[in-house]
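Architecture and fold: a report
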Amino acid sequence: SSQIYPIHLPRETRTRRALLICNIEFEHLSRRDGAEVDVEGMMKLLEGLGYVVDVHRNLTSQGMATVMKDFANCKEHWTSDSTFLVFMSHGVRAGLCGTKSKDETTDILSVDTIYEKFNNKCCRALLGKPKVVIIQSCRGGKVGSVMVSDSADPAVPTPGSAHAIPAGLEDDAICEVHLESDFGTLHSSTPDTVSWRSSVTGSLFIQHLIEQFRNHACNSDLQEIFRKVQYSFGKFPQQLPSQERTTMLRKFYLFPGH
């Protein structure tokens, strides 16, 4: 179907690669106890889905950017159908903390950098292929819950009408593509709020995400799995994963085992 991302190559010849960056030890911030459990769990999940996982630990923001650039240039992406980009660290509203971070402005990797390194200009090998971004980090210091009353909600504004596509457009000899497309992103929390982690069992978000992928990758597309992860937090109002900057043009099925 034209509505589903294709898998062109058989499992024996395609070369799926995934990148996992996890910062645990910091010079000025607390150690992220339990994060190794997250790394092990995500590695097993991604390997089971047919990805060779490149794992990097304890990097500065510049180190993370360099690793991403190198990974974006991997020749294996030309014979792959997709990639996963997983980031785990302390975080602030502006982005992910590097190992030398002291506050909200020092050694911070902007989330924008992820999309810049893997957009269709900088990573042609993944043009038109799903790029799944998973981010486990706090995005601020607020708790994600609020007490609400039973009063009526304010009226929902009526959506504006969709913009019409201009008539008379024709194909040119030069192929023009979106600068940024085919990303599917799930943050562990909403903006400005904290994410929760157990020093024994790892991050709550990663636990839920692994469970939903294992249970539903066989029959659900990526964004439906993301929704199931979000739904699993329904009785935990302190945190809610957030789909953001998602530019998937089709449905992405992982087809485990195929």
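Criteria and cut-off values
Residues numbered from 1 in each chain as written. Predicted model: local features only at pLDDT ≥ 70, side-chain atom pairs only at ≥ 80, totals over all residues. Heavy atoms only, no water. Helix = DSSP H or I, 4+ residues; strand = E, 2+ residues; numbered from the N terminus. Buried < 20%, exposed > 50% of the residue type's maximum accessible area, 1.4 Å probe, protein only. Contact = heavy atoms within 4.5 Å. Areas by Shrake-Rupley, 256 points an atom, 1.4 Å probe, with all protein chains shown as cover. Core = buried A, V, L, I, M, F, W, Y, C linked by side-chain atoms within 4.5 Å. Polar contact = N/O pair within 3.5 Å; in protein donor to acceptor, adjacent residues only side chain to side chain. Pairing = 2+ DSSP bridges. Axes fitted to C-alpha atoms, helices over the stretch in contact; angles between N-to-C directions. Phe/Tyr/Trp six-rings, centres within 6.5 Å; stacked < 30°, edge-to-face > 60°. Lys NZ or Arg CZ within 6 Å of the ring centre and 35° of its normal.

An unreviewed UniProt entry lists the chain under the name Caspase-1, with Eudyptes sclateri as the source organism.

Quick look at the overall build of the chain now. Each helix and strand counted, the chain has five helices and 11 strands in total. Counting across all 258 residues of the chain, residues that qualify as buried make up 45%. Within the chain, counting contacts between residues at least 6 apart in sequence, those at least 24 apart form 79% of the total. Approximately 14100 Å² of the chain is accessible, and the part contributed by carbon and sulfur atoms is 53%.

Counting residues in each nonpolar core, the largest one holds 33 residues, and the members touching the most others are Met42, Phe84, Ile134, Leu209, Phe213 and Phe252. For this core, the secondary-structure elements that each account for two or more residues are β1 (17-22), α1 (35-48), β3 (83-88), β7 (131-136), α4 (204-216) and α5 (222-231). Those residues in contact with Phe252 that sit more than four places away from it in its chain are Tyr5, Tyr51, Ser82, Phe84, Pro130, Val132, Asp221 and Leu222. Judged by nonpolar contacts, the second largest core, of 23 residues, contains Leu109, Phe118, Cys123 and Ile135.

Its place among the elements puts Arg14 in the segment before β1. One polar contact links the side chain of Arg14 to the main-chain carbonyl oxygen of Leu9, over a distance of 3.2 Å.

Moving on, we come to the sheet that holds strand β4 (residues 91-92). Judged by pairing direction, the sheet is antiparallel, and its three strands sit side by side in the order β4-β5-β6 without closing on themselves. The outermost strands of the open sheet, each flanked by one partner alone, are β4 and β6 (108-110). In terms of strand pairing, β4 meets strand β5 (residues 95-97) through two bridges, oriented antiparallel. Directly across from Gly91, in β5, lies its bridge partner Leu96. Each of β5 and β6 is contacted by helix α2 (residues 61-72), which is oriented at about 40 degrees to β6, the strand it contacts most. Relative to β6, helix α3 (residues 111-118) is tilted by about 50 degrees, and along the sheet it contacts β5 and β6.

This part takes up the sheet that holds β3. The six strands lie next to each other as β2-β1-β3-β7-β8-β11, forming an open sheet whose pairing is mixed. Each having just a single partner strand, β2 (52-57) and β11 (242-243) make up the two edges of the open sheet. Looking at chain direction, β1 and β2 are connected through six bridges and run parallel. Among the inter-strand pairings, Arg17 is bridged to a residue of β2, identified as Val52. In the packing of α2 onto the sheet, the strands contacted are β1, β2 and β3, and the crossing angle to β1 comes to about 175 degrees. Its contacts with the sheet place α5 against β7, β8 (183-187) and β11, and it is angled at close to 10 degrees to β8.

All right, on to the packing of aromatic side chains then. Summed over the entire model, instances satisfying the criterion amount to seven aromatic pairs. One aromatic cluster is present, formed by Tyr51, Phe84 and Phe213 through successive ring pairs. Seen from the ring of Tyr115, Arg245 lies directly overhead, with NZ or CZ sitting 4.1 Å from the centre.

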